[in-house]
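Working through the structure, step by step
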Amino acid sequence: MPSYEYKTLDVDTGMFGGSSVPIDELNDLGEAGWEVVAPITENSGQTAGLILQREV
């Protein structure tokens, strides 16, 4: 059975409802074996972060 490690990545939620996903950072993390598995949402439904995992 595989084992995983997890981390979170903050997403900049703008004042006017927009979210800014850090694409360059996600690309770097993807090259290091990380993949996004779930969003972290605020009560408003806006994405505030991402949960990432990679196999250890």
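Our structure is the block above this text.
Below you will find a few notes about this structure. (Residues numbered from 1 in each chain as written. Predicted model: local features only at pLDDT ≥ 70, side-chain atom pairs only at ≥ 80, totals over all residues. Heavy atoms only, no water.)

**Focus on the pairing of strand 5 (residues 47–55)**
Note the following rule: Paired strands, in this sense, are two strands between which DSSP finds at least two bridges. For the purposes of this entry, the term helix denotes a DSSP run of H or I that reaches at least four residues, the term strand denotes a run of E that reaches at least two, and both are numbered from the N terminus.
Strand direction decides the pairing type here: strand 1 (residues 4–10) and strand 5, joined by seven bridges, are antiparallel. Directly across from Tyr6, in strand 5, lies its bridge partner Gln53. Examined bridge by bridge, strand 4 (residues 35–41) and strand 5 share six bridges and lie antiparallel to one another. Following the sheet pairing, Ile40 is matched in strand 5 by Gly49. What sits between strand 4 and strand 5 in their antiparallel hairpin is a turn of five residues, with Gly45 showing a positive phi close to 95°.

**Remarks on the packing of aromatic side chains**
Each aromatic ring pair is specified by the distance between its two centres and by the angle formed by the two planes. Basically, it comes down to this: Two rings from Phe, Tyr or Trp (for Trp, the six-membered ring) form a pair when their centres sit within 6.5 Å of each other. Planes less than 30 degrees apart are called stacked, planes more than 60 degrees apart edge-to-face, and all others tilted. Two limits define a charge over a ring: the Lys NZ or Arg CZ must be within 6 Å of the ring centre, and within 35 degrees of the ring normal.
Inspection of every chain in the model, using the stated rule, returns zero aromatic pairs. Stacked on the ring of Trp34, the Lys or Arg Lys7 has its end atom at 5.3 Å from the ring centre.

**Focus on the environment of Ile40**
Stated formally: Working definition: with a 1.4 Å probe on protein chains only, accessible area under 20% of the residue-type maximum means buried, over 50% means exposed, and in between means partly exposed. Two residues qualify as a contact provided that any one of their heavy atoms is within 4.5 Å of a heavy atom in the partner residue.
Along the polypeptide, Ile40 turns up in strand 4. Assessed through its relative accessible area of 33%, Ile40 is described here as partly exposed. Linking Ile40 and Ile51, residues eleven residues apart in sequence, is a C-alpha distance of 7.0 Å. Beyond its immediate sequence surroundings of up to four residues, Ile40 is in contact with Thr8, Gln46, Thr47, Ala48, Gly49, Leu50 and Ile51.

**What to know about the sheet that holds strand 4**
Heads up, the rule is: Orientation is described by lines fitted to C-alpha atoms, with helices fitted over the stretch in contact, and by angles between N-to-C directions that extend from 0 to 180 degrees.
The strand order across the open sheet built from three strands is 1-5-4, with neighbouring strands paired in antiparallel fashion. Edge positions in the open sheet fall to strand 1 and strand 4, since each of these has one partner strand only. Sheet twist, expressed as the average angle between the axes of neighbouring strands with direction ignored, equals 25°. Relative to the sheet, helix 1 (residues 23–31) contacts strand 1, strand 4 and strand 5, its axis offset from that of strand 1 by approximately 170°.

**Considerations on a nonpolar patch on the surface**
The condition that has to hold: Residues form patches when they are more than 30% accessible in relative terms and have no salt bridge. Like charges link within 9 Å. Nonpolar side chains (Val, Leu, Ile, Met, Phe, Trp, Tyr) link within 5 Å. The Shrake-Rupley method, run with a 1.4 Å probe sphere, supplies the accessible areas, and residue values consider only the shown protein chains as cover. Any carboxyl oxygen of Asp or Glu that lies within 4 Å of a side-chain nitrogen of Lys or Arg is treated as forming a salt bridge with it.
A surface patch of nonpolar side chains, amounting to about 300 Å² of accessible area, comprises Tyr4, Tyr6 and Val37. Position of Val37 relative to the elements: it lies in strand 4. With relative accessibility at 40%, the residue Val37 sits in the partly exposed group.

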